[in-house]
Amino acid sequence: MDFFIHPYIPNALILKEMLKEVGIENINDLFNDVPKVNFDLNIPILDEYSIYKEVKSILSKNKVYKKCFMGGGPWFHFVPSIIKYLITRGEFLTSYTPYQPEVSQGVLQALFEFQSMICELYNMEVANASLYDFPTAIGEAILLSSRVTGRRKVIIPSSIPEDRKSVIRNYAINLEIIEVPFLDNGCPDLEYIKKIINKDIAGVYTEIPNFFGVIDFKIKELIEIAHEVEALAIIGADPLLMGIIKPPGDYGADIVVGDGQPLGIPPAMGGNSLGIIACKNDMRIIRQMPGRIVGMTKTIRGERAFTLVLSTREQHIRREKATSNICTNETLLAIAATIYMALLGKEGIKRIAKRIFHNTQYVIKRIKEIGLDTAFKGLHFRDFTIKGINIKKLNKFLKEKEILGGREISENIGLFAVTEIHKKEDIDEFIDLLKEFIRRN
Amino acid sequence: MISLEPLIFELSKKGRIGLYIEDCEIEEIPKEFLREELNLPEVSQIEVVRHFTRLSQMNWGVDTGPYPLGSCTMKYNPRINEELSWMDEIQWIHPLQDIDDIQGILEIMYKLEKMLSSITGMKRFSLQPAAGAHGEFTGCLIIRKYHKDRGEDRDEMIIPDSAHGTNPASAAMAGFKVIEIPTNEEGLVDIEALKSTVGKRTAGMMLTNPNTLGLFERNIKEITEIVHDAGGLMYYDGANLQGILGIARPGDMGFDIVHLNLHKTFSTPHGGGGPGSGPIGVNELLEDYLPVPVVDFDGNKYYLNWNLPKTIGKVRNWYGSIPVLVKAYSYLLSMGSNGLKLSCYASVVNTNYFMKKVSQIRGFTIPFGNAYRKHEVVISAEKLAKETGVTALDIAKALIDKGLHPPTIYFPPIVKEALMFEFTDTETKENIDKYIEALKEISDIAYSNPEILKKCPNKTLIGRVDEVYANHPKTMCLSYKMYLRKIKENI
Ligand SMILES: Cc1ncc(COP(=O)(O)O)c(C=O)c1O
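Since the model is a prediction, treat every value here as computed from it, not as a measurement. (Residues numbered from 1 in each chain as written. Chains lettered and ligands numbered in written order. Predicted model: local features only at pLDDT ≥ 70, side-chain atom pairs only at ≥ 80, totals over all residues. Heavy atoms only, no water.)

Student: Break down the overall build of chain B for me, citing the residues and quoting the values.
Tutor: A tally of regular secondary structure across chain B gives 16 helices and twelve strands. Here chain B has a C-alpha radius of gyration of 25 Å; the compact-globule value for 491 residues is 23 Å, and the two agree. Residues counted as buried form 69% of the 491 residues belonging to chain B. Pairs at least 24 apart in sequence give 70% of the contacts found in chain B among residues at least 6 apart. (Helix = DSSP H or I, 4+ residues; strand = E, 2+ residues; numbered from the N terminus. Rg over C-alpha atoms; globule rule 2.2 N^0.38 Å. Buried < 20%, exposed > 50% of the residue type's maximum accessible area, 1.4 Å probe, protein only. Contact = heavy atoms within 4.5 Å.)

Student: So, the site of the ligand: which residues are in play, and what are the values?
Tutor: Lining the immediate surroundings of the ligand are 15 residues, of which Thr 328 of chain A together with Ser 71, Asp 237, His 263 and Lys 264 of chain B lie closest. The ligand is flanked by residues contributed from chains A and B. Taking Asn 261 of chain B, its side chain carries an N or O atom lying 3.1 Å from an oxygen atom of the ligand. At a separation of 3.0 Å, an oxygen atom of the ligand approaches a polar side-chain atom of Lys 264 of chain B. Bound to the protein, the ligand loses 99% of the 390 Å² it would expose on its own. Per element, the largest residue contribution to the shell around the ligand is three residues, and it comes from helix α5 (residues 132–149) of chain B. Across the shell around the ligand, the residue classes tally to five nonpolar, seven polar and three charged. (Near = heavy atom within 4 Å. Polar contact = N/O pair within 3.5 Å; in protein donor to acceptor, adjacent residues only side chain to side chain. Areas by Shrake-Rupley, 256 points an atom, 1.4 Å probe, with all protein chains shown as cover. Nonpolar A, V, L, I, M, F, W, Y, C, P; charged D, E, K, R; others polar.)

Student: How would you explain the interface of chain A and chain B if you had to name every residue and give the values?
Tutor: A common way to report how large an interface is uses the accessible area buried once the components associate. Between chain A and chain B, the contact holds 178 residues from the first and 205 residues from the second. Summed over both sides, the interface between chain A and chain B buries roughly 17700 Å², with carbon and sulfur atoms accounting for 65% of that surface. Inspection of the chain A/chain B interface yields ten salt bridges. The closest approach of N and O atoms between Lys 354 of chain A and Asp 23 of chain B, which form a salt bridge, is 3.0 Å. (Buried area = accessible area lost by both parts, 1.4 Å probe. Salt bridge = Lys/Arg side-chain N within 4 Å of Asp/Glu carboxyl O.)

Student: Before we move on, could you go through the sheet that holds strand β11 (residues 408–409) of chain B and cite the residues and values that matter?
Tutor: The strands making up a sheet associate through hydrogen bonds between their backbones, and the pairing can be parallel or antiparallel. All names here are of chain B. A sheet is described by the order of its strands in space; here three strands give the open sequence β10-β12-β11, paired in antiparallel fashion. Lying at the two open borders of the sheet, with one neighbouring strand each, are β10 (377–380) and β11. Looking at chain direction, β11 and strand β12 (residues 418–421) are connected through two bridges and run antiparallel. Bridging across to β12, Thr 408 finds its partner in Met 420. Set on the sheet, helix α12 (residues 392–401) makes contact with β11 and β12; between it and β12 the angle comes to about 45 degrees. (Pairing = 2+ DSSP bridges. Axes fitted to C-alpha atoms, helices over the stretch in contact; angles between N-to-C directions.)

Student: An account of the environment of Ala 127 of chain A is requested, with residue identities and associated values reported.
Tutor: Residues and elements named next belong to chain A. Position of Ala 127 relative to the elements: it lies in strand β2 (residues 126–127). Linking Ala 127 and Leu 111, residues 16 residues apart in sequence, is a C-alpha distance of 9.9 Å. Sequence-distant contacts of Ala 127, defined by excluding residues within four places in its chain, comprise Gln 115, Ile 118, Cys 119, Ile 277, Ala 278, Met 289 and Ile 293.

Student: Which residues make up the domain arrangement of chain A, and what values go with them?
Tutor: Its domain assignment divides chain A into domain 1 (1–49), domain 2 (67–78 + 346–440) and domain 3 (81–341). For domain 1 of chain A and domain 3 of chain A, the distance between their C-alpha centres works out to 45 Å. (Domains from an automatic or database assignment.)

Student: I'd like to hear about the sheet that holds strand β3 (residues 153–157) of chain A, residue by residue, with values.
Tutor: Residue and element names in this part refer to chain A. Read from one edge to the other, the open sheet built from seven strands follows the order β2-β8-β7-β6-β5-β3-β4, with strand pairing classed as mixed. Single-partner strands in this sheet number two, and they are β2 and β4 (176–180). Both β2 and strand β8 (residues 275–279) contribute to a ladder of two bridges, which runs antiparallel. Along β8, the bridge assignment pairs Val 126 with Cys 279. Along the sheet, helix α9 (residues 219–228) contacts β5 (201–208) and β6 (232–237); its crossing angle with β6, the most-contacted strand, is approximately 150 degrees.

Student: How would you sum up the pairing of β3 of chain A? Please name residues and give values.
Tutor: All names here are of chain A. Within β3, four of the five residues are buried, which leaves it mostly tucked inside the rest of the structure. Pairing between β3 and β4: five bridges, direction parallel. Across the sheet, the residue bridging to Val 154 is Ile 177, located in β4. One crossover worth recording links β3 to the parallel β4 by way of helix α7 (residues 162–171), and it is right-handed. Summarising the sheet, β3 and β5 pair through three bridges and their orientation is parallel. Bridging from a neighbouring strand, Val 154 pairs with Gly 203 of β5. (Right-handed = clockwise from strand over helix to strand, strands pointing away.)

Student: I'd love a proper account of empty space enclosed by the protein, names of residues and values included.
Tutor: In total, this model carries eight cavities of 30 Å³ or more according to the counting rule given. The calculated volume of the largest cavity comes to roughly 210 Å³. As for the largest cavity, its lining consists of 25 residues, of which Asn 272 and Leu 333 of chain A together with Trp 86, Pro 275 and Lys 327 of chain B are closest to the centre. Sorting the residues of the lining of the largest cavity by element identifies α3 (81–87) and α12 (331–369) of chain A together with α2 (79–85) and α10 (322–358) of chain B as the ones contributing at least two each. Among the residues forming the lining of the largest cavity, the class breakdown is 14 nonpolar, eight polar and three charged. Of the volumes computed, that of the second largest cavity is approximately 180 Å³. Lining the second largest cavity are 16 residues, with Trp 75, Phe 134, Arg 164, Glu 207 and Pro 209 of chain A positioned closest to its centre. Mapped by element, the contributors of at least two residues to the lining of the second largest cavity are β5, β6 and β7 (255–259) of chain A. For the lining of the second largest cavity, the class distribution of residues is six nonpolar, four polar and six charged. Residue assignment places the lining of the second largest cavity across two domains, with domain 2 (67–78 + 346–440) and domain 3 (81–341) of chain A each supplying three or more. (1 Å grid on protein atoms, 1.4 Å probe; cavity = no way out; pocket = protein on both sides within 12 Å on 5 of 7 lines; lining within 4 Å. Points joined across faces, edges and corners; volume = space filled by probe spheres on them.)

Student: Mind laying out the pattern of salt bridges, listing which residues take part and the relevant values?
Tutor: Under the definition given, this model contains 63 salt bridges over all chains. The salt bridge partner of Arg 351 of chain A is Glu 347 of chain A, with a shortest N-O separation of 2.9 Å. Taken together, the residues Arg 351 of chain A and Glu 347 of chain A, both in helix α12 and four residues apart, mark about one turn of the helix. One salt bridge in this structure joins Lys 195 of chain B and Glu 222 of chain B, with 3.9 Å as the shortest N-O distance. Of this pair, Lys 195 of chain B sits in helix α7 (residues 191–197) while Glu 222 of chain B sits in helix α8 (residues 220–229); the two residues are 27 residues apart in sequence, bridging distant segments of the chain. Here the residues in one salt-bridge network are Arg 366, Glu 369, Lys 424 and Asp 428 of chain A, joined through shared partners.

Structural data, given as structure tokens:
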């Protein structure tokens, strides 16, 4: 193959000269140790305009819904335009893990701010710089509880969806997982937990809101039950819900995990994920935390600075004894979430949470008015179920109206959601369509 | 303490907000559960923009200058790829939309998979894993299940001492005992040691090739044979695929499982540490073990296939780092078969050119002999450190003062005072020459006035960071909340 001019490869036409300086004539001499096999990749080379056209034309086959009522995540929240503008700045976008703090203060400080805001939201004291996504964060939290306690059994609610459980099972592959049945509000049965819990249990995990959208007001009791046997209490908490209700940290949660996608990150077919993990100020737990953690420090000249800390927990130093294998994480999306939380701030997070809660109460009230009901009792936040209608058929009907319907929980139960982007008119339209659907079927 | 840019918390003023949101009243939540305290910053929109713009200016990226981090393949990240990945047809798609609604992205995933298969010589890929290490973990789960399904009790994973830390960490997470084998004097897997290590307990071996020294394991066929004969599987850590891209394929070498780092070899940006994407490919033997769903085509439509009889299940939510996949696909089209090969050639020539020049500088040696490297080279500053006291860390900081981002340092662990350079295909000869010049100057200073180098960097916005202070339990500060408490307690 001849060397040819290419915009991404500046040395393409001087490679021969450079080879001479190495002392060889033929490029193949650099590959003498590589077994020769012939293969043809058959990938065409396109100019930039053609790539643009090609990819755009393929992607035009994707349908973008103007209105979405799909529950269970990822959610369609509003994403302020500033986020894309800031996170695609080349200095953030094209940097790597900040191993050289003197030239990486930007990412380091942004991550320190991310950790700090996550701690404020959940009232915890330590957070890491991100994990892959929510299910893997739950998995890591469970492993963390096992390392801290030296125990090998964990309790999780049976209400969480099968795909999330599958990830958890894979992470906790060497542990025993016990599932707790749920009550009519979809929350774990605490009496059941009390009966089965003992000193073999490393951690007890639950979620607010639960998968069906119901806010669990028994977090405090659950944490107490876990602490009675010195197990760790792990709470999966929606970050936006924290704008209106007391955070798990107020009740003594040991570890909090969360799905960061609602914090200013577009859903991208579930492909933009951000796993959150935080813990309380307990060196036993902090020393076992997975992933990167940024700390504030000073320079030898006395300036404030930020750097990666506690790296002796991590794979590049501790290898098979590391607290996790994670290396590349979700930094850029953590920065997106930081910018989002900065924009909203104290008042904005409260307002957005109130707006979502308000919309949820409104949609449920209307659902009841037309003779339908949620499948679970209790106060809902964003997500809610509708029972008693065929969800597949309903979704098909909604699709004709350019609306993305709900997630099928069973044939006649669907999981839906409203966020702050839904106006009263949108919800009323949704209800009218439900009415029409019922009338027709 | 002096600070370049205050924390966003320190910019806060009561009554400011960065986004207009109409307030509303809610009443249903019992008072005892209502949130009161919430110490998030209150800042206006322009303050947010300025703050994060200034932070970005305090950060090095490929867009700012050369970034020769060994093992990380810090290529140029073409903007067209970025732009395409930000289309609404990617960003505003829900994973549970009907198959008819997502034919576009499924087609890209399908075609990307085909390309990755032909590049690696593997049968099928899962695009699900979120990063390289996540791919390794997925691969290890597959290896575990494969043996289990065959009723075999194999719990040992063989990993060379030169391997990346994620390899042993991933194997351990999947429940394997890690058996480390030594590197021989040529910098390659010690075949005799391998032979005496494999056995009935061997589940598999994890290997990167070219290895972390930049050397191609030329006995690769023999290695895979030894492991296969013992009943183990071969795992390929594709972080270093750049070194043989378009020239050779792990599938042809006998590997059973491969992960790729799209954020390395396939030019997607590292984003300060993520998101990445670590697709894993397998051969016929393991096809049915892949995480679900995979993307299939029925001749008419693309669809998500959940029906893999032996699947390990799922390793993350949904289907993969979708925007990253689009970027990699677009990159592949911009290179074509020949461009990929050219990219490999350029990175390998760059590396050997650099190695040749550096080997002539006093204090630096090339451990494990002068055999040609592939896409990266590890230089040892052990001699310099012994003779002058100037360490790899000091050299890194001195390079920063010369406007050059340092290489990876102290990796791989088998090389003392390691400086691991990877000039990717997208770096210019002029910049490589700058590094050579800079290393010469640093060596000269080290032998004449080493003390100067201990204080580097001096030309950066901040001085050398105090890592001991950062990690000491008394002074460690991991959040703003901790910071406020420490101020109160006067630490
Ligand atoms: C050789 C090698 N293997 C594996 C990895 C892990 O990849 P990731 O950071 O994407 O998890 C890296 C990345 O640094 C690497 O260099």
